[in-house]
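# Close look at the chain arrangement
Listed below are the residues making up each chain.
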Amino acid sequence: MITYDIVIIGGGPAGLAAAVSARKAGIQSILILERDHELGGILNQCIHNGFGLHTFKEELTGPEYAYRFIEQVLEEKIEYRLNTMVMDITEDLIVTAMSRIDGLYQIQAKAVILAMGCRERPRGALNIPGFRPAGIFSAGTAQRLVNIEGYMPGREVVILGSGDIGLIMARRMTLEGAIVKVVAELMPYSGGLKRNIVQCLDDYGIPLKLSHTVVDIEGKEHISAVTIAEVDNTGKPIPGTEERYTCDTLLLSCGLIPENELSNKAGIKMSRITNGPEVKESLETSVDGIFACGNVLHVHDLVDYVSEEAAKAGENAAKYVLEGRQDKDTDHVVTIKATDGARYTVPSTVNIDRMDDLLTVRFRVGAVYKNSFVSVYLDDERIHHAKKRILAPGEMEQVILQKKKLQGKEDLKTITIKIEAE
Amino acid sequence: MYDIIIIGAGVTGSSVARELSRYNANICVLEKGEDVCTGTSKANSAIVHAGFDAAEGSMMAKMNVRGNEMMTQLAEDLDIPFKRNGAMVVCIHKEALDGLKTLYDRGIANGVKELRILNREEALEMEPNLSENVQGALYAPTSGIICPFILNIAMAENAAENGVEFRFNTQVEDIKADADGIWHLRTNNGEYTAKYVINAAGVHADIIHNMVSENKIHITPRRGDYCLLDKEVGGHVKHTIFPQPTNLGKGVLVSPTVHGNLIVGPTAVDIEDKEGNNTTAAGINDLIAKAGAHVRDLPLRKVITSFAGLRAHEAHHEFIIKEVEDAPHFIDCAGIESPGLTSAPAIGEYVGQMMKEKMELTEKENWISKRKGILNPQELSFEDRAELIKEKPAYGNIICRCESISEGEILDAIHRPLGARSLDGVKRRTRAGMGRCQAGFCSPRVMEILNRELGIPMEEITKSGGRSNIVLERTKGKNGGEA
């Protein structure tokens with residue numbers, strides 16, 4: 001069996017950043033396995049700009065952002081295999097992979113970094129009633145068809161869901177000459193970034209209808225119209241509010257789901273909220289030596305944070321390979337809990353003895369909060385209380401924990417992040 | 001001129017075609033869809049029923065029990081995924097317990113083997129996720145689950161290999177007999193003539209029948225909504241779980257599928273539109289409420305798709321399989337609603353025998369009885385799979401991530417007899433696009449393969465024939481901006 005110190009599953013932004021940081025941390029033997037025919041992942045089809053404002057202090061397109069990392073992978077001569085599908089990972093870190101050229105083979109790794117990304121929630125999972133004709137796409141599939149394959153799905157578009165890809169595609173389809181009639185969003189708030197609503201809808205006069213959903217799809221062979229209706233606060237359509245839109249395309253942007261089939265095969269403990277693995281402060285999963293980062297761990301809205309998180313995962317995986325397991329049973333491990341409006345945290349535990357001086361804890365809120373406070377409690381003691389003008393489910397939040405504030409509190413059991421009105 | 005024309009390439013028409021392909025005769029199947037298995041046959045519960053439902057002595061009962069019997073051998077001969085997982089009819093009201101006995105007696109009279117009545121404890125032991133309210137159950141071990149697409153496709157492929165011609169996108173518009181009793185079928189693709197016509201037109205069988213007979217029949221499309229759940233929860237029940245039947249049918253079942261998903265459905269709503277296979281919010285809500293009554297903790301968050309199918313319901317709730325009285329040499333296979341899928345092999349056998357006698361057909365010497373399905377690399381050992389990829393690298397290229405379907409399988413689906421020409425055609429043959437992402441990732445790639453292998457321009461590739469084109473045009477004009 002071939003062996004590598006670190007095998008990275010996925011050559012998108014997370015996998016690339018993890019690889020580069022693992023190399024910088026001293027690991028020579030690294031292999032990236034990528035299922036597509038080039039590195040870069042989903043960034044390759046994101047040809048709009050706005051990437052890299054945090055990381056590079058400039059506005060790059062998706063492929064440009066990806067290339068900043070691909071360049072480093074090439075310079076560092078990090079090995080990668082394209083067109084390669086990982087079929088299985090065991091808890092003993094045996095990775096089974098397959099490709100046209102290399103056939104079916106197994107690799108023994110000392111550490112594995114999961115960076116498989118996420119997928120879009122399909123129509124089927126939304127239970128939208130009506131016919132099942134051609135012309136219904138998830139926004140990302142349409143993005144690939146337009147930006148990579150060079151084909152237009154249609155000319156008259158309705159979009160359900162206001163996730164970022166849907167918003168980006170509203171603008172993209174408009175620029176390609178299509179008419180985007182409306183974006184309907186089930187929730188009373190958008191699932192996307194504020195800046196995308198402004199730049200992709202408002203600037204083009206595309207209406208966004210909050211608390212609306214599609215209640216019927218017409219067209220036996222090809223979609224010909226949809227009906228949208230307002231929903232009440234339980235999400236049920238309100239009779240009498242129906243509006244019919246003729247269209248030849250329906251795009252869906254109704255949420256992203258981390259792609260964790262392999263994580264499940266490896267027996268990794270998963271979070272029911274994020275649909276990604278539960279991780280420690282080192283981004284290690286419940287299986288020794290398997291780390292996770294990027295959208296497979298939890299869905300991010302900015303690639304900059306993916307890169308940052310993945311670099312940490314690469315660094316920690318390198319440390320794991322070089323130093324072996326350092327955790328001791330006597331270490332002080334504390335659970336991080338999300339309550340009162342905060343839905344989850346990544347990581348979900350912290351080992352105070354092993355943590356870096358600073359630990360970024362990322363989380364999302366479950367509803368829109370205005371002029372509220374993000375608070376951090378060490379058991380009952382509040383140590384952080386910061387006012388935020390607006391908190392929304394579409395925008396990931398973070399707090400930074402300082403090791404020096406946690407050390408010496410031997411009875412500390414739980415760190416809680418909550419949203420407070422005052 | 002053909003000896004026999006069969007109208008419809010659904011599971012009934014394909015089964016009849018396969019049975020008739022044993023004989024020396026010129027046979028043609030006319031199908032209005034772009035592929036086999038595009039109507040009722042593609043959207044149903046995929047259950048091989050035991051046969052205790054249909055009235056004693058009915059054609060339905062006979063065909064059901066015989067079809068069930070034939071399925072093991074047929075599945076082996078034609079390489080069809082099939083498993084006898086057993087069914088349970090669950091009683092949740094004490095006062096309705098007698099109903100189980102009625103069903104049991106009917107089953108015995110119909111010739112169903114191994115039926116047993118279970119008490120509450122036995123039922124819960126066999127199926128721990130049954131409702132707390134379970135009072136008892138009828139257990140039918142001979143009930144099974146099958147891939148409805150492959151059953152249909154395999155019979156059609158085998159018929160084609162034995163010389164039966166198939167004409168797709170060919171809709172019969174009118175039928176008249178000439179003075180010699182020869183049938184002239186007018187279609188959108190020209191005229192066809194035949195000595196015998198077999199009507200296997202599903203929900204449209206009444207329209208076809210009424211073209212030749214004064215004794216009109218009426219087929220009501222009875223719509224049934226279904227939800228299909230992720231393979232992650234496919235083991236929620238092991239058996240096919242039915243409620244006790246009502247006059248609208250067998251009710252909402254919960255069952256594993258032969259591919260490992262969980263299926264919930266169908267509802268039953270009589271409609272007029274013969275192509276009205278749209279789901280409705282009311283239907284899905286009804287479904288969820290009904291299924292929950294017999295099986296607890298249904299993991300409905302794991303729905304990956306919902307769909308609706310149309311049963312071809314005839315007013316007498318009986319299969320009509322006979323020569324039409326006032327139209328000699330015209331044979332109906334009409335009113336083939338549930339258990340039509342189960343009955344298909346038996347209907348084929350029955351009609352085959354009928355035609356053999358009527359036309360004094362002689363058997364071919366070189367009839368091919370077996371068909372090899374599309375190779376499933378997931379069933380191979382690691383070494384065999386590695387060897388396969390070495391020989392045929394396309395099997396190493398995964399196209400559909402969710403179901404792990406390789407390019408090799410898709411190429412096979414396209415290039416075998418009656419090969420796939422659309423995304424749905426590929427999907428029904430290989431399962432590419434049937435998984436949890438519902439073709440989000442693989443559809444552009446399957447389109448590329450169809451384009452490359454069949455030379456169909458990208459703009460003309462369809463989801464399922466007709467006007468179901470996936471993309472409209474190039475983004476930057478005809479040549480995509482290239483000079």
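Residues numbered from 1 in each chain as written. Chains lettered and ligands numbered in written order. Predicted model: local features only at pLDDT ≥ 70, side-chain atom pairs only at ≥ 80, totals over all residues.

### Points about the overall build of chain B
A tally of helices and strands in chain B yields twelve helices and 23 strands. In summary, chain B has a C-alpha radius of gyration of 23 Å against a globular reference of 23 Å for 483 residues, a match within 12%. Dimensions of chain B, computed from C-alpha atoms along their principal axes, come out at roughly 70 × 60 × 45 Å. The proportion of buried residues among the 483 residues of chain B is 56%. (Helix = DSSP H or I, 4+ residues; strand = E, 2+ residues; numbered from the N terminus. Rg over C-alpha atoms; globule rule 2.2 N^0.38 Å. Buried ≥ 20, exposed ≤ 12 C-beta atoms within 10 Å, placed from the backbone.)

### Looking at the sheet that holds strand β8 (residues 144–146) of chain B
With antiparallel pairing, the three strands of this open sheet are ordered in space as β3-β8-β4 (chain B). Looking along the sheet, the strands with just one partner apiece sit at the ends: β3 (47–48) and β4 (82–83) of chain B. (Pairing = 2+ DSSP bridges.)

### Comments concerning the pairing of strand β1 (residues 2–9) of chain A
Residue and element names in this part refer to chain A. Where β1 lies against strand β8 (residues 103–114), seven bridges are found, and the strand directions are parallel. The residue of β8 that forms the bridge with Thr3 is Gln108. For β1 and strand β2 (residues 30–33), the ladder comprises four bridges, and the chain directions are parallel. Within the sheet, the bridge partner assigned to Ile9 lies in β2 and is Leu33.

### Things to note about the sheet that holds strand β16 (residues 225–230) of chain A
All names here are of chain A. Taken together, three strands build an open sheet; the order of strands is β15-β16-β17 and the sheet is antiparallel. Each of the sheet's edge strands pairs with one partner strand only, and the pair in question is β15 (212–218) and β17 (243–246). Pairwise comparison of adjacent strand axes, ignoring direction, gives a mean angle of 30 degrees for this sheet. Here four bridges tie β16 to β17, and the two strands are oriented antiparallel to one another. Pairing of Val226 across the sheet is with Tyr245, part of β17. (Axes fitted to C-alpha atoms, helices over the stretch in contact; angles between N-to-C directions.)

### What about the environment of Glu157 of chain B?
Position of Glu157 of chain B among the secondary structure elements: in helix α5 (residues 148–161). Setting aside anything within four residues of it in sequence, one finds Glu157 of chain B in contact with Arg371, Arg416, Pro417 and Leu418 of chain B. (Contact = placed C-beta atoms within 7 Å.)

### Notes on the interface of chain A and chain B
Each side of the interface is counted separately: chain A has 38 residues, and chain B has 41 residues. Those elements that place two or more of their residues in the side of chain A that touches chain B are β7 (94–99), β8, β9 (118–120), α3 (123–126), α4 (139–149) and β11 (151–152) of chain A. Considering each element in turn, the side of chain A that touches chain B owes the most residues, six residues, to α4 of chain A. By residue class, the composition of the side of chain A that touches chain B is 15 nonpolar, twelve polar and eleven charged. As paired elements, β11 of chain A and strand β23 (residues 473–474) of chain B share two bridges and run antiparallel to each other. Its bridge partner lying in β23 of chain B, Tyr151 of chain A is registered against Arg474 of chain B. (Nonpolar A, V, L, I, M, F, W, Y, C, P; charged D, E, K, R; others polar.)

### Some thoughts on the packing of helix α1 (residues 13–24) of chain A against helix α2 (residues 62–75) of chain A
Residue and element names in this part refer to chain A. As a packed pair, α1 and α2 sit with axes 9 Å apart at the nearest point and diverge in direction by 35 degrees. Here the hand of the crossing between α1 and α2 comes out left-handed. Judged by residue contacts, Pro13, Leu16, Ala17, Ala19 and Val20 of α1 engage Ala66, Phe69, Ile70, Gln72 and Val73 from α2. Split into classes, the residues belonging to the contact of α1 with α2 amount to nine nonpolar, one polar and no charged. (Left-handed = near helix turned anticlockwise from the far one by under 90°.)

### Points about the environment of Val299 of chain A
In this fold, Val299 of chain A is placed in the loop between β20 (290–292) and α8 (303–323). Of the residues examined, Val299 of chain A has 21 C-beta atoms within 10 Å and is grouped as buried.

### A word on the packing of helix α1 (residues 11–20) of chain B against α5 of chain B
Residues and elements named next belong to chain B. Remark: α1 packs on α5, axes separated minimally by 8 Å, with the N-to-C direction vectors making an angle of 30 degrees. Our pair here, α1 against α5, has a crossing hand that is left-handed. Residue-level inspection shows Val11, Ser14, Ser15, Ala17 and Arg18 of α1 in contact with α5, the latter providing Leu151, Asn152, Met155, Ala156, Asn158 and Ala159. Tallied by class, the residues present in the contact of α1 with α5 amount to six nonpolar, four polar and one charged.

### Some points on the nonpolar core
Core analysis: the biggest nonpolar cluster contains 158 residues, and Ile6, Ala18 and Ile113 of chain A have the highest contact counts within it. If you tally residues by element for this core, the top one is α8 of chain A, at nine residues. With near-sequence residues (within four places) excluded, Ile113 of chain A lies in contact with Ile6, Ile8, Ala18, Phe291, Cys293, Ala313, Gly314 and Ala317 of chain A. Among the nonpolar cores identified, the runner-up in size contains 125 residues, and Ile4, Tyr23, Ile153 and Tyr192 of chain B belong to it. (Core = buried A, V, L, I, M, F, W, Y, C linked by C-beta atoms within 7 Å.)

### Some words on helix α7 (residues 281–291) of chain B
Given 3.6 residues to a turn, an α-helix orients residues that are three or four positions apart in the same direction. All names here are of chain B. When we look at burial in α7, the residues that qualify are Gly283, Ile284, Leu287 and Ala291. The buried side chains of α7 occupy one side of the element, clustering within an arc of 95 degrees when seen end-on. Looking at α7, the residues exposed on the side facing more than 90 degrees away from the buried face are Ala282 and Ala289. Residues of α7 that are buried sit in contact with β13 (219–229), β15 (253–256), β16 (262–265), β17 (269–270) and β18 (303–314). (Arc of directions from axis to C-beta.)

### Observations concerning the domain arrangement of chain A
Residues and elements named next belong to chain A. Domains assigned within chain A are domain 1 (1–119 + 255–326), domain 2 (122–254) and domain 3 (329–422). Each of domain 1 and domain 3 was reduced to a C-alpha centroid, and the two centroids are 26 Å apart. Each partner contributes residues to the interface: domain 1 has 14 residues there, and domain 3 has 14 residues. For the side of domain 1 that touches domain 3, the residue count by class is five nonpolar, five polar and four charged. (Domains from an automatic or database assignment.)

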